[in-house]
Amino acid sequence: FFPDMDDVSLTIQTLSNAFDTLVDTSVLAKESVPNLKHDSLRRPPWKVIHEITLALIEGSPAGKVLTDEEKIKDKTFTKQDKLRYLIKLFELISLVTSERCDIFCVPAKVIAGQQVPSTLYFLRALVKLMRQPSDKINEAVVSVLREGEVKIYQRAVRVRGTVTRMADAGSH
(Lines give C-alpha, C1' and ligand atoms only; values in the text may rest on other atoms or scores of the structure.)
Protein backbone atom coordinates (compact mmCIF):
# COMPACT_ATOMS: atom_id res chain seq x y z
CA PHE A 1 0.00 0.00 0.00
CA PHE A 2 2.73 2.48 0.93
CA PRO A 3 5.39 3.30 -1.67
CA ASP A 4 9.02 2.27 -1.21
CA MET A 5 10.42 5.50 0.13
CA ASP A 6 13.62 4.81 2.03
CA ASP A 7 16.30 4.91 -0.64
CA VAL A 8 18.89 7.68 -0.51
CA SER A 9 20.89 6.33 -3.47
CA LEU A 10 17.81 6.15 -5.69
CA THR A 11 16.88 9.69 -4.70
CA ILE A 12 20.37 11.01 -5.49
CA GLN A 13 20.36 9.24 -8.87
CA THR A 14 16.86 10.52 -9.71
CA LEU A 15 17.77 14.09 -8.75
CA SER A 16 21.12 13.93 -10.56
CA ASN A 17 19.46 12.76 -13.76
CA ALA A 18 16.84 15.50 -13.49
CA PHE A 19 19.46 18.20 -12.92
CA ASP A 20 21.57 16.89 -15.82
CA THR A 21 18.54 17.19 -18.10
CA LEU A 22 17.79 20.72 -16.88
CA VAL A 23 21.40 21.76 -17.48
CA ASP A 24 21.55 20.04 -20.90
CA THR A 25 18.40 21.86 -22.03
CA SER A 26 19.71 25.20 -20.68
CA VAL A 27 16.83 25.50 -18.20
CA LEU A 28 19.23 25.54 -15.26
CA ALA A 29 22.78 26.88 -15.04
CA LYS A 30 25.38 24.29 -14.00
CA GLU A 31 26.40 26.45 -11.01
CA SER A 32 22.78 26.40 -9.76
CA VAL A 33 22.75 22.63 -9.33
CA PRO A 34 22.72 21.74 -5.61
CA ASN A 35 25.46 19.49 -4.28
CA LEU A 36 23.79 16.12 -3.70
CA LYS A 37 25.71 14.42 -0.93
CA HIS A 38 24.63 11.12 0.53
CA ASP A 39 25.11 12.49 4.06
CA SER A 40 22.97 15.58 3.46
CA LEU A 41 20.08 13.46 2.16
CA ARG A 42 20.14 10.94 5.02
CA ARG A 43 18.34 13.53 7.10
CA PRO A 44 17.94 16.54 4.84
CA PRO A 45 17.79 19.87 6.63
CA TRP A 46 15.30 22.52 5.43
CA LYS A 47 18.03 24.43 3.58
CA VAL A 48 18.85 21.37 1.44
CA ILE A 49 15.17 20.65 0.73
CA HIS A 50 14.56 24.29 -0.20
CA GLU A 51 17.66 24.46 -2.42
CA ILE A 52 16.74 21.26 -4.29
CA THR A 53 13.09 22.21 -4.80
CA LEU A 54 13.97 25.70 -6.03
CA ALA A 55 16.54 24.37 -8.49
CA LEU A 56 14.05 21.84 -9.87
CA ILE A 57 11.14 24.22 -10.36
CA GLU A 58 13.12 27.28 -11.45
CA GLY A 59 11.59 28.63 -14.64
CA SER A 60 8.86 25.98 -14.82
CA PRO A 61 5.09 26.38 -14.47
CA ALA A 62 5.35 24.67 -11.06
CA GLY A 63 7.22 27.71 -9.78
CA LYS A 64 4.05 29.78 -10.09
CA VAL A 65 2.64 28.08 -7.00
CA LEU A 66 5.29 29.80 -4.86
CA THR A 67 5.41 33.47 -3.93
CA ASP A 68 8.39 35.58 -4.95
CA GLU A 69 9.49 35.61 -1.32
CA GLU A 70 9.42 31.78 -1.17
CA LYS A 71 11.81 31.70 -4.14
CA ILE A 72 14.60 33.59 -2.34
CA LYS A 73 17.42 31.10 -1.80
CA ASP A 74 18.88 32.48 1.42
CA LYS A 75 15.60 33.60 2.96
CA THR A 76 15.02 32.82 6.62
CA PHE A 77 11.74 30.94 6.86
CA THR A 78 9.50 30.67 9.89
CA LYS A 79 8.00 27.27 10.61
CA GLN A 80 4.68 28.53 9.18
CA ASP A 81 6.45 29.65 5.98
CA LYS A 82 8.01 26.22 5.59
CA LEU A 83 4.68 24.47 6.17
CA ARG A 84 2.90 26.62 3.56
CA TYR A 85 5.70 25.99 1.09
CA LEU A 86 5.58 22.21 1.46
CA ILE A 87 1.78 21.99 1.59
CA LYS A 88 1.51 23.74 -1.79
CA LEU A 89 4.19 21.54 -3.37
CA PHE A 90 2.72 18.32 -1.94
CA GLU A 91 -0.70 19.21 -3.33
CA LEU A 92 0.69 20.21 -6.71
CA ILE A 93 2.53 16.91 -6.99
CA SER A 94 -0.57 14.95 -5.94
CA LEU A 95 -2.82 16.71 -8.46
CA VAL A 96 -0.47 16.31 -11.40
CA THR A 97 1.23 12.95 -10.83
CA SER A 98 -1.12 11.07 -8.49
CA GLU A 99 1.88 10.56 -6.17
CA ARG A 100 0.17 11.19 -2.84
CA CYS A 101 2.72 13.35 -1.04
CA ASP A 102 -0.25 14.98 0.64
CA ILE A 103 -0.98 11.65 2.38
CA PHE A 104 2.44 10.03 2.80
CA CYS A 105 4.34 13.16 3.90
CA VAL A 106 3.58 15.16 7.03
CA PRO A 107 5.00 18.66 6.40
CA ALA A 108 5.96 19.38 10.02
CA LYS A 109 7.81 16.06 10.31
CA VAL A 110 9.61 16.62 6.99
CA ILE A 111 10.76 20.04 8.22
CA ALA A 112 11.93 18.53 11.52
CA GLY A 113 13.84 15.77 9.73
CA GLN A 114 11.66 13.10 11.35
CA GLN A 115 10.36 11.55 8.12
CA VAL A 116 13.40 10.99 5.95
CA PRO A 117 11.77 8.26 3.82
CA SER A 118 8.80 10.47 2.99
CA THR A 119 11.13 13.41 2.31
CA LEU A 120 13.02 11.28 -0.21
CA TYR A 121 9.71 10.17 -1.72
CA PHE A 122 8.68 13.83 -2.03
CA LEU A 123 11.92 14.79 -3.80
CA ARG A 124 11.56 11.91 -6.30
CA ALA A 125 7.89 12.80 -6.85
CA LEU A 126 8.92 16.40 -7.51
CA VAL A 127 11.17 15.16 -10.32
CA LYS A 128 8.20 13.23 -11.71
CA LEU A 129 6.13 16.43 -11.56
CA MET A 130 8.73 18.30 -13.59
CA ARG A 131 8.40 15.73 -16.40
CA GLN A 132 4.68 16.42 -16.84
CA PRO A 133 3.17 18.64 -19.58
CA SER A 134 3.11 22.37 -18.78
CA ASP A 135 -0.63 22.69 -19.34
CA LYS A 136 -1.34 20.01 -16.75
CA ILE A 137 0.95 21.73 -14.23
CA ASN A 138 -0.62 25.14 -14.97
CA GLU A 139 -4.12 23.76 -14.28
CA ALA A 140 -2.96 22.30 -10.98
CA VAL A 141 -1.24 25.57 -9.97
CA VAL A 142 -4.53 27.43 -10.47
CA SER A 143 -6.33 24.82 -8.37
CA VAL A 144 -3.78 24.98 -5.53
CA LEU A 145 -3.81 28.78 -5.42
CA ARG A 146 -7.61 28.91 -5.56
CA GLU A 147 -8.08 26.41 -2.75
CA GLY A 148 -5.34 27.80 -0.49
CA GLU A 149 -2.94 25.99 1.79
CA VAL A 150 -5.21 26.04 4.87
CA LYS A 151 -7.99 24.05 3.18
CA ILE A 152 -5.46 21.77 1.50
CA TYR A 153 -3.77 21.08 4.83
CA GLN A 154 -7.04 20.38 6.64
CA ARG A 155 -8.11 17.93 3.92
CA ALA A 156 -4.72 16.17 3.99
CA VAL A 157 -4.91 15.74 7.78
CA ARG A 158 -8.39 14.17 7.46
CA VAL A 159 -7.24 11.80 4.70
CA ARG A 160 -4.06 10.80 6.57
CA GLY A 161 -6.18 10.09 9.66
CA THR A 162 -8.54 7.89 7.65
CA VAL A 163 -5.67 5.99 6.03
CA THR A 164 -4.02 5.45 9.42
CA ARG A 165 -7.26 4.14 10.96
CA MET A 166 -7.78 1.80 8.00
CA ALA A 167 -4.21 0.50 8.26
CA ASP A 168 -4.61 -0.01 12.03
CA ALA A 169 -7.93 -1.84 11.54
CA GLY A 170 -6.36 -4.09 8.90
CA SER A 171 -3.51 -5.10 11.20
CA HIS A 172 -5.83 -6.35 13.96
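Refer to the structure printed above.
Below or above, wherever it landed, is the structure these notes cover.

## So, the packing of aromatic side chains
The relative placement of two aromatic rings is captured by the distance of their centres and the angle of their planes.
For step 1, the next point in the chain: Inspection of the entire model under this criterion finds 5 aromatic pairs.
For step 2, the next point in the chain: Where Trp 46 meets Tyr 85, the ring centres are 5.3 Å apart and the plane angle is 80 degrees; that geometry is what we call edge-to-face. Here Trp 46 is found in helix H3 (residues 46-57), whereas its partner Tyr 85 is found in helix H4 (residues 79-97), with 39 residues between them in sequence. Like Tyr 85, Trp 46 is buried.
For step 3, the next point in the chain: With centroids separated by 6.0 Å and ring planes inclined at 70 degrees, the aromatic side chains of Phe 77 and Tyr 85 adopt a geometry described as edge-to-face. Of the two residues, Phe 77 and Tyr 85, both sit in the buried class.

## Quick word on the packing of H4 against helix H8 (residues 134-147)
For step 1, the next point in the chain: Interhelical geometry of H4 versus H8 gives an angle of 135 degrees and a closest axis separation of 9 Å. By the angle between their axes, H4 is oblique relative to H8. The chirality of how H4 crosses H8 is right-handed. For the pair H4 and H8, the contacting residues are Lys 88, Glu 91, Leu 92, Leu 95 and Val 96 in the first and Lys 136, Ile 137, Ala 140, Val 141, Ser 143, Val 144 and Glu 147 in the second.

Rules of the game
- Residues numbered from 1 in each chain as written.
- Predicted model: local features only at pLDDT ≥ 70, side-chain atom pairs only at ≥ 80, totals over all residues.
- Heavy atoms only, no water.
- Phe/Tyr/Trp six-rings, centres within 6.5 Å; stacked < 30°, edge-to-face > 60°.
- Helix = DSSP H or I, 4+ residues; strand = E, 2+ residues; numbered from the N terminus.
- Buried < 20%, exposed > 50% of the residue type's maximum accessible area, 1.4 Å probe, protein only.
- Axes fitted to C-alpha atoms, helices over the stretch in contact; angles between N-to-C directions.
- Parallel < 35°, antiparallel > 145°, perpendicular 65-115°, else oblique.
- Left-handed = near helix turned anticlockwise from the far one by under 90°.
- Contact = heavy atoms within 4.5 Å.

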